[in-house]
Amino acid sequence: MTIIKVGDEAGIINKLASYVEKISNDAILNRGKFFIGLSGGSVVKYLCEGLPKVDTDWSKWVLAFCDERVVPEDSEDSTFGTYEKQLIPKTNLSRNQFLIIKQGVSAEEAARDYTEQLKNAFKSDDFKFDLLLLGMGPDGHTCSLFPNHPLLKEATLQVASITDSPKPPPERITLTYPVINNARNCIFAISGAGKADMVRRILKDNEDLPAARVQPQGSLYWILDEAAAATL
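The sections below set out a description of the structure shown in this document. Bear in mind the structure is a predicted one, so any value in this text is a computation, not a measurement.

1. Overview of the state of the cysteines
Working step 1: Summed over all chains, the structure comprises zero disulfides.
Working step 2: Free cysteine: Cys186, not disulfide-bonded; nearest cysteine sulfur from Cys66 at 7.9 Å.

Structure (structure tokens):
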């Protein structure tokens with residue numbers, strides 16, 4: 001694990017963009033495609049500001065979601081909807097490069113369908129993302145994997161449904177740890193004093209919280225601004 005401390009949110013955006021550029025270009029050079037998993041929350045802002053500056057072959061990107069809310073695409077809660085409005089217009093990405101959850105079905109059906117979409121994209125049952133971009137909630141959750149939730153133990157499903165999310169909206173789909181920890185790279189990008197206590201509990205005290213269970217076979221990076229890293 002590599003902990004990177006930067007001054008402020010602008011530092012996070014720049015550092016994150018430089019990692020994305022390097023990892024995407026390595027993946028495209030070595031394997032012809034770049035598979036990336038996106039998160040919502042503050043990660044959206046970092047990417048919408050940072051990615052337009054990245055020098056990459058956008059046509060080789062395949063974009064999926066680490067988790068997604070089971071809501072209509074035009075809902076404010078839709079992570080894809082936010083990226084469609086805020087990121088696609090600033091880059092050469094197109095809608096058909098995103099794996100988008102099926103509309104108008106149950107969370108369970110959406111999770112099953114998303115698993116099939118990933119199988120088709122990877123042309124394999126082994127989903128090995130080049131990069132997963134992760135956020136962390138103030139309770140230590142990541143993706144839609146929440147403290148003390150049964151999904152933390154899910155070992156069979158690659159994409160799971162959740163209908164009782166402690167954070168609204170309640171219905172979501174999420175990648176599970178077998179997929180998350182199969183990634184070549186995972187990056188947490190965390191800013192603000194509100195996250196400092198949880199950062200300490202995970203990185204210093206080694207508490208068994210959902211974000212702490214992200215232990216990929218590849219590389220793990222935590223990019224923190226001064227406020228988030230204050231208690232380390």
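2. As for the pairing of strand S2 (residues 34–38)
Working step 1: Across the five residues of S2, five count as buried, placing the element largely inside the fold.
Working step 2: Neither face of S2 is exposed, since Phe34, Ile36 and Leu38 on one face and Phe35 and Gly37 on the opposite face are all buried.
Working step 3: Where S2 meets strand S3 (residues 61–65), five bridges bridge the pair, whose relative direction is parallel. In the strand pairing of S3, Leu38 is matched with Phe65.
Working step 4: Each parallel crossover has a hand, and the one from S2 via helix H2 (residues 42–50) to S3 is right-handed.

3. Examining helix H1 (residues 9–31)
Working step 1: Taking 1.5 Å as the rise per residue, H1 with 23 residues should run 33 Å; its terminal C-alpha atoms sit 32 Å apart, in good agreement.
Working step 2: Regarding H1, the residues found buried are Gly11, Ile12, Ile13, Leu16, Ala17, Tyr19, Val20, Ile23, Ser24, Ala27 and Ile28.
Working step 3: The N-cap of H1, judged by a side-chain oxygen 3.3 Å from the amide nitrogen of Ala10 a few residues on, is Asp8.
Working step 4: Residue Gly32 follows H1 closely and has a positive phi angle near 85 degrees.

4. Considerations on the sheet that holds strand S8 (residues 185–190)
Working step 1: Sheet architecture is open: six strands sit in the order S1-S9-S8-S5-S2-S3, paired in parallel fashion. A strand with exactly one partner marks an edge of an open sheet, and here the two such strands are strand S1 (2–6) and S3. Taken over all neighbouring pairs, the strand axes of this sheet differ in orientation by 20 degrees on average, direction set aside.
Working step 2: Contacts between H1 and the sheet are confined to S1, S2, S3, strand S5 (131–134), S8 and strand S9 (219–225), with S9 contributing the most and set at about 160 degrees to the helix.
Working step 3: Lying on the sheet, helix H6 (residues 196–203) is in contact with S1, S8 and S9; it crosses S9 at an angle near 150 degrees.

What counts as what
- Residues numbered from 1 in each chain as written.
- Predicted model: local features only at pLDDT ≥ 70, side-chain atom pairs only at ≥ 80, totals over all residues.
- Heavy atoms only, no water.
- Disulfide = S-S within 2.5 Å.
- Buried < 20%, exposed > 50% of the residue type's maximum accessible area, 1.4 Å probe, protein only.
- Helix = DSSP H or I, 4+ residues; strand = E, 2+ residues; numbered from the N terminus.
- Pairing = 2+ DSSP bridges.
- Right-handed = clockwise from strand over helix to strand, strands pointing away.
- Expected span 1.5 Å × (residues − 1).
- Polar contact = N/O pair within 3.5 Å; in protein donor to acceptor, adjacent residues only side chain to side chain.
- Axes fitted to C-alpha atoms, helices over the stretch in contact; angles between N-to-C directions.
- Contact = heavy atoms within 4.5 Å.

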